[in-house]
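As a plain string of letters, each chain reads:
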2 protein chains.
Amino acid sequence: MIVINSILKAYKGNIIFTPEFGKYEIVENGYIVVNDRLVQGVYKTLPEELKDTVVVDYTGKLIVPGFVDLHFHAPQFVNRGLGIDMELLPWLETYTFPEEAKYIDTEYALKAYKKVVHELWKQGTTRAVLFGTIHKEATKILMDLIDKSGLSAYVGKVNMDRNSPEFYIENTEDSINDTEDFLTETINKYDLVKPIITPRFIPTCTGVLMDGLSELASKFNVPVQSHLSENRGEVEWVSKLHPEASSYSEVYNQFRMFGKTPTVMAHCIYLSDEEIKLMARNNVFVAHSPHSNSNLISGIAPIRKLLKAGVPVGLSSDISGGHNASIASVMVQAVQVSKLKWVENPEYSEFEDFLSTPEVFYLATKGGGKFFGNVGSFEKDYEFDALVIDDTELSDLNERSIEERIQRYIYIGDDRQILHRYVAGRKIEEPKFD
Amino acid sequence: MIVINSILKAYKGNIIFTPEFGKYEIVENGYIVVNDRLVQGVYKTLPEELKDTVVVDYTGKLIVPGFVDLHFHAPQFVNRGLGIDMELLPWLETYTFPEEAKYIDTEYALKAYKKVVHELWKQGTTRAVLFGTIHKEATKILMDLIDKSGLSAYVGKVNMDRNSPEFYIENTEDSINDTEDFLTETINKYDLVKPIITPRFIPTCTGVLMDGLSELASKFNVPVQSHLSENRGEVEWVSKLHPEASSYSEVYNQFRMFGKTPTVMAHCIYLSDEEIKLMARNNVFVAHSPHSNSNLISGIAPIRKLLKAGVPVGLSSDISGGHNASIASVMVQAVQVSKLKWVENPEYSEFEDFLSTPEVFYLATKGGGKFFGNVGSFEKDYEFDALVIDDTELSDLNERSIEERIQRYIYIGDDRQILHRYVAGRKIEEPKFD
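Because the structure is a prediction, the values reported are computed rather than measured.

Rules and cut-offs
- Residues numbered from 1 in each chain as written.
- Chains lettered and ligands numbered in written order.
- Predicted model: local features only at pLDDT ≥ 70, side-chain atom pairs only at ≥ 80, totals over all residues.
- Heavy atoms only, no water.
- Domains from an automatic or database assignment.
- Contact = heavy atoms within 4.5 Å.
- Buried area = accessible area lost by both parts, 1.4 Å probe.
- Salt bridge = Lys/Arg side-chain N within 4 Å of Asp/Glu carboxyl O.
- Pairing = 2+ DSSP bridges.
- Helix = DSSP H or I, 4+ residues; strand = E, 2+ residues; numbered from the N terminus.
- Axes fitted to C-alpha atoms, helices over the stretch in contact; angles between N-to-C directions.
- Phe/Tyr/Trp six-rings, centres within 6.5 Å; stacked < 30°, edge-to-face > 60°.
- Buried < 20%, exposed > 50% of the residue type's maximum accessible area, 1.4 Å probe, protein only.
- Lys NZ or Arg CZ within 6 Å of the ring centre and 35° of its normal.
- Polar contact = N/O pair within 3.5 Å; in protein donor to acceptor, adjacent residues only side chain to side chain.
- Nonpolar A, V, L, I, M, F, W, Y, C, P; charged D, E, K, R; others polar.
- Right-handed = clockwise from strand over helix to strand, strands pointing away.
- 1 Å grid on protein atoms, 1.4 Å probe; cavity = no way out; pocket = protein on both sides within 12 Å on 5 of 7 lines; lining within 4 Å.
- Points joined across faces, edges and corners; volume = space filled by probe spheres on them.

Asks: Outline the domain arrangement of chain A, listing residues and values.
Replies: Residue and element names in this part refer to chain A. For chain A, the assigned domains are domain 1 (2-66 + 377-427) and domain 2 (67-372). Here domain 1 and domain 2 have C-alpha centroids that lie 29 Å from each other. Taken together, the contacts link 30 residues of domain 1 with 28 residues of domain 2. Overall, the association of domain 1 and domain 2 removes approximately 2400 Å² of surface from exposure, summing both partners, and the carbon and sulfur fraction of that is 64%. Between domain 1 and domain 2 we count 4 salt bridges in total. Where Asp385 meets Arg127, a salt bridge forms, and the shortest distance between an N and an O atom there is 2.5 Å.

Below you can see the structure in the form of structure tokens.
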């Protein structure tokens, strides 16, 4: 008992989490008992046998699971808020591809990726699924920096060997070989930072490349991320490139990269009912990116419909299609666009209600956290990822319930109120790389 | 010359404004010459005859017109981010009306309104059109505080004598008399803070009250603010209350409160073509409130269509239907919802394009500023309302144009980058009322 107790800690504060979709569990000034990195239990008062546990006292503060961002292009971070009036193609050509091409320079990558990691820390994003660039060296630098910060992420070296600009495209064989090297070097290197297979999306990847990548996914048993059904033009393009497949999702599926290992797909706006069933069957995650889908005029993903069909869903900033790396801001936008879909689209609203705050809270924590395992909740045996929020400066002249206070933080708070961040039981200090 | 020159000042920096809708005028490290409170001219280099002018050096910073908020319920400020999952009626009953009713207590009003004025200052909102409550004393306190801060506003004592909760409703005669007292006491009291007639909206105001208010508007020659066509249920309600009128707008018009004096109407989502023509003819301003219209599931106002018809449009936070008092955030939301309307509504998108950043910049400055006269631009004889923005911490590893920097500030900046605020030529320090 003494040995075990020595690594136990109890965090005291107003605890909020969502074991079930859309339903807060709230313990006012209760205790989260953490055994090294895992939650042992949540208590209103400390049980007798735990009464000697060291208490970290955050009385009056809010304690919530850390935010999870399922889709974020790390090299595009410097482009946030730029080119937003452009159509998708000029935007890619003017801002995205030229920027990503710069990461062949590892010095540049180091400088730029320090900013990314700092921002993840600042915004309380404790877990992220990141796109890098086609460059394995730069991508390894990103992983190193995240590891040093103590945050957790899946990080992918991007693959693209067709329909890409001359200055930013790979030879198929090099793409596969570089990916294999990248996986070999990083698969066991870190505790909380892991590689992920990252074909950019179907139009930029030949069948040979996709075959090679799916073999690597199986061989190394690593997850997969990509884009799916972001806008109507893209869906049409894929159907022309792959007339043999019955849908966009089927193309990934035929290449055995649609749930054979854990898979997350960004966007998922224009899916057929068959595709949705396939996603549910294969447990393919949706990275819902409402800021990006608004900025790039993509549309509004039918999140309630996807959830009802049993598809796992998390939230994502989609930097820099999305401009805002704050997952709280993404939560607000997710609610807002679901309401606009409801009011502007009578056919949809007849069947599907808009999203509530506790629902997007779930998506931002446990919904996306599932991609990492037992993450995003304070249930027993979940990794203790947490944010301690001091919302004093948001307070008004009235007493508010804990539920009201968390909603208020999500809607009007920002990074200034995040007092502390924890990942897997460890307190994460501000990254200072220099 | 010497006497005149003694009140001249030149502000040096990267100057951005929009004399025309949707078109930036940018002068890199140029000079805005201000004569007391009015802009005398903008220059790339100071002309010979002005070379002795005192230069306030903001080289490298961005200088933009102060932001204008055309619709903001001051007493609801403390409710920001609360009750957002509720339908409109429960929200009004649970949060809005009980809160507004508290302002009968002038001590409470004083405390709460200090927070409002501080927030306007913080967010760079140099001019605002505010709803108060039905209480003339509390509303006068709000005006006093704004005057002390140096900011500028129209402030209205709200009128409502029907279809309102028992605890928050006026007797018709008292409502009119209180309003007359309020106007008498405030009409000439301040330089930059003025009263405005404020019937809450048609459903809460009897014909007798509306007649009384329109007489006061004419007698005191003061502007009018109210709500118009926020959601479909409300439009239907008004048509049942006023079967004699051909439209919601016509009801206001028949009561001579639709442009007889300067008039601003919040929302304006579901207007007929006839109503839009009437607004244009009567020069009735639209306070476009995209955050509120998303949060309250109201819909997406057809801003491009309104503008094309010649209706003047500005932006508004609509606190607390909208949760965010930052007009920059409202600009982003205005662009985003215009894009969603475009992509989700093929009938509309066939005729009307979405909004661009320089277009919402215009709406946030000169568009709304017109309601105050020569406000919201740096053209000659405009009041010098300005924000000095230091965007250093938003900078990335690349050189960016001034146009890119202002877009980036709007999308990813916040109050932390606003270095200074000016209203009518005067620098406004942080309000400290205690």
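Asks: So what about the sheet that holds strand β15 (residues 386-389) of chain A? Which residues, and what values?
Replies: Pairing between the strands of a sheet comes from backbone hydrogen bonds, and it takes one of two forms, parallel or antiparallel. Residues and elements named next belong to chain A. An order of β3-β2-β1-β4-β15-β16-β17 is seen for the 7 strands of this open sheet, with the pairing classed as mixed. With partners counted over all chains shown, the strands left at the sheet margins are β3 (38-43) and β17 (426-427), one partner each. Taken strand by strand, helix α14 (residues 357-369) contacts β1 (8-20), β2 (23-35) and β4 (54-65), and its axis lies near 120° from that of β1.

Asks: Any chance you could break down the packing of aromatic side chains for me, citing the residues and the numbers?
Replies: Under the definition given, this model contains 38 aromatic pairs over all chains. Each ring, one from Tyr248 of chain B and one from Tyr252 of chain B, has its centre 5.8 Å from the other, and the planes form 10°; the classification is stacked. In this pair, Tyr248 of chain B and Tyr252 of chain B are both assigned in helix α8 (residues 248-254), 4 residues apart and thus about one turn of the helix distant. Residue classification places Tyr248 of chain B among the buried residues on the basis of a relative accessible area of 4%. An aromatic cluster of three or more residues is present, and its members are Tyr11, Phe17, Phe378, Phe384 and Tyr422 of chain A. If you follow Arg421 of chain B out to its NZ or CZ, it ends over the ring of Trp121 of chain B, 3.8 Å from the centre.

Asks: So what's going on with the interface of chain B and chain A? Residues and values would help.
Replies: Listed by partner, the interface residues are 55 residues for chain B and 55 residues for chain A. Summed over both sides, the interface between chain B and chain A buries roughly 4600 Å², with carbon and sulfur atoms accounting for 52% of that surface. A per-residue breakdown of the area chain B buries against chain A is headed by Ile297, Glu344 and Leu397 of chain B, which together make up 14% of the total. The interface formed by chain B and chain A holds 6 salt bridges in total. Put simply, Lys341 of chain A and Glu344 of chain B hold a salt bridge, and the shortest N to O gap is 4.0 Å. Our enumeration of links across chain B and chain A arrives at 34 residue pairs in polar contact (both at pLDDT 80 or more). Listing elements by their share of the side of chain B that touches chain A, those giving two or more residues are α2 (88-101), α3 (106-123), α10 (290-295), α12 (327-344), α14 (357-369) and α15 (402-412) of chain B. The element that contributes the greatest number of residues to the side of chain B that touches chain A is α12 of chain B, accounting for 10 residues. Of the residues that constitute the side of chain B that touches chain A, the class distribution is 19 nonpolar, 18 polar and 18 charged.

Asks: Lay out the pairing of strand β13 (residues 285-288) of chain B in plain terms, naming residues and giving numbers.
Replies: For a regular strand, the rule is simple: side chains alternate between the two faces of the sheet. All names here are of chain B. The alternating pattern of β13 places Phe285 and Ala287 and Val286 and His288 on opposite faces, both of which are buried. In this structure, strand β12 (residues 263-267) lies alongside β13, joined through 3 bridges in parallel fashion. Bridge pairing links Val264 to Phe285 in β13. For the segment spanning β12, helix α9 (residues 273-282) and β13, crossover handedness is right-handed. The sheet contact formed by β13 and strand β14 (residues 313-315) spans 3 bridges and is parallel. Considered in β14, the bridge of His288 is made with Leu315.

Asks: Explain empty space enclosed by the protein residue by residue, including any values.
Replies: Summed over all chains, the structure comprises 5 cavities of 30 Å³ or more. Considered as a void within the structure, the largest cavity measures approximately 70 Å³ in volume. Forming the walls of the largest cavity are 14 residues, and the residues nearest its centre are Ala301, Ile303, Arg304, Ser338 and Tyr348 of chain A. If you list the elements that add at least two residues to the lining of the largest cavity, you get α11 (303-308) and α12 (327-344) of chain A. The leading source of residues in the lining of the largest cavity is α12 of chain A, at 4 residues. Across the lining of the largest cavity, the residue classes tally to 9 nonpolar, 2 polar and 3 charged. Volume-wise, the second largest cavity comes out at about 50 Å³. The wall of the second largest cavity is formed by Ala301, Pro302, Ile303, Arg304, Ser338, Lys341, Tyr348, Asp353, Phe354 and Leu355 of chain B. Looking at the lining of the second largest cavity, the elements with two or more residues in it are α11 (303-308) and α12 of chain B.

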